[in-house]
Amino acid sequence: MSKIDELNKLRPKLNVEKSIRDILQIIKRPHKVYGHGVVSHKEMEKVVKKLDKIESDLLDIKDHLGLLSNMDKLNMILDVSHTSDESVRQELEIFEGPVIATHQNCRAITPGERQFPDHQIKSVIERGGVIGHSMDTYMLWSKEIDWSNIPPSRPFPKDEVTLDNYVDHIDYVCQLAGNSLHAAIGGDTDGQGGMIGAPYEIDTVADYQKIVQLLEQRGYQNEDIENIMYKNWQRFFELYLPS
């Protein structure tokens, strides 16, 4: 059986087309209320036409489940960050190539769906992947954030989330792995508002060096610290990126 045939067998379970149609049908109901008023019939016709075009374009993509198979053939790398638990499960079931999580933290420490549960961390480790830990304080705060309704400003003072909290996540992955070969610096300070959304001690990327001392205080040796600070990424990309 070819890889494409195997992927097609998964199609009923993944139900991609049905999900798209269901979502669009809900949106296209004429009685749907938008904002503070009801859309007129004429306005709704315009909306429906646009949505029909979107639906057509989406469903016109041939063999979308084969995308991951084609990524395999091209020796591409799959980043499983910013992906739901079920999506990660399906991706890892289909995709056989190299896997990373470029900016991801641990749900066991910071609750919430944006972080990885232990079994997903272990899956990335088992695939030889690297997990880059995010400095986004929403992903480091000890209380859960509603990721469907993220507060416009952080509901905690900046000094409540420190680099010690950040290193907790690095250490957690190292303990799960039993070594220092899968945890790394994910940064993410460009994506969450710069220093405003970074741990207390971080003003610029130069402050990333402060992580070294915190790792030393926890008993990490020079080789481990080098792995975490840069070598894990270097090793991974030298192995999987074209030379």
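Up top you'll find the structure we're talking about.
Structure report, in brief. Nothing here was measured: the structure is a model prediction, and the numbers come from that model.

Now for the sheet that holds strand β6 (residues 183-187). The strands that make up a sheet pair up through hydrogen bonds in the backbone, lying either parallel or antiparallel. Read from one edge of the open sheet, four strands run β3-β4-β5-β6, paired in parallel fashion. Each edge of the open sheet is held by one strand with a lone partner, namely β3 (78-79) and β6. The pairing of strand β4 (residues 99-101) with strand β5 (residues 130-134) spans two bridges and is parallel. Pairing of Ile100 across the sheet is with Val130, part of β5.

Before going further, it helps to examine the pairing of β5. In terms of burial, β5 is a largely internal element, five of the five residues being buried. Handedness of the crossover joining β4 and β5 through helix α6 (residues 118-126) is recorded here as right-handed. Note that β5 and β6 share four bridges and pair parallel. Bridged to Gly132 within β6 is Ala184. Each parallel crossover has a hand, and for β5 linked through helix α7 (residues 163-177) to β6 it is right-handed.

In this section: α7. Between its terminal C-alpha atoms α7 stretches 21 Å, which fits the 21 Å expected from 15 residues at 1.5 Å a residue. Taken residue by residue, α7 has Leu163, Tyr166, Val167, His169, Ile170, Asp171, Val173 and Cys174 as its buried positions. Lining the buried residues of α7 we find α6, β5, β6, α8 (210-217) and α9 (222-240). Where α7 begins, the capping side chain belongs to Thr162, and its oxygen is found 3.2 Å from the backbone nitrogen of Asp164. Looking at the residues trailing α7, positive phi occurs at Gly178, about 80 degrees.

Cut-offs applied
Residues numbered from 1 in each chain as written. Predicted model: local features only at pLDDT ≥ 70, side-chain atom pairs only at ≥ 80, totals over all residues. Heavy atoms only, no water. Pairing = 2+ DSSP bridges. Helix = DSSP H or I, 4+ residues; strand = E, 2+ residues; numbered from the N terminus. Buried < 20%, exposed > 50% of the residue type's maximum accessible area, 1.4 Å probe, protein only. Right-handed = clockwise from strand over helix to strand, strands pointing away. Expected span 1.5 Å × (residues − 1). Contact = heavy atoms within 4.5 Å. Polar contact = N/O pair within 3.5 Å; in protein donor to acceptor, adjacent residues only side chain to side chain.

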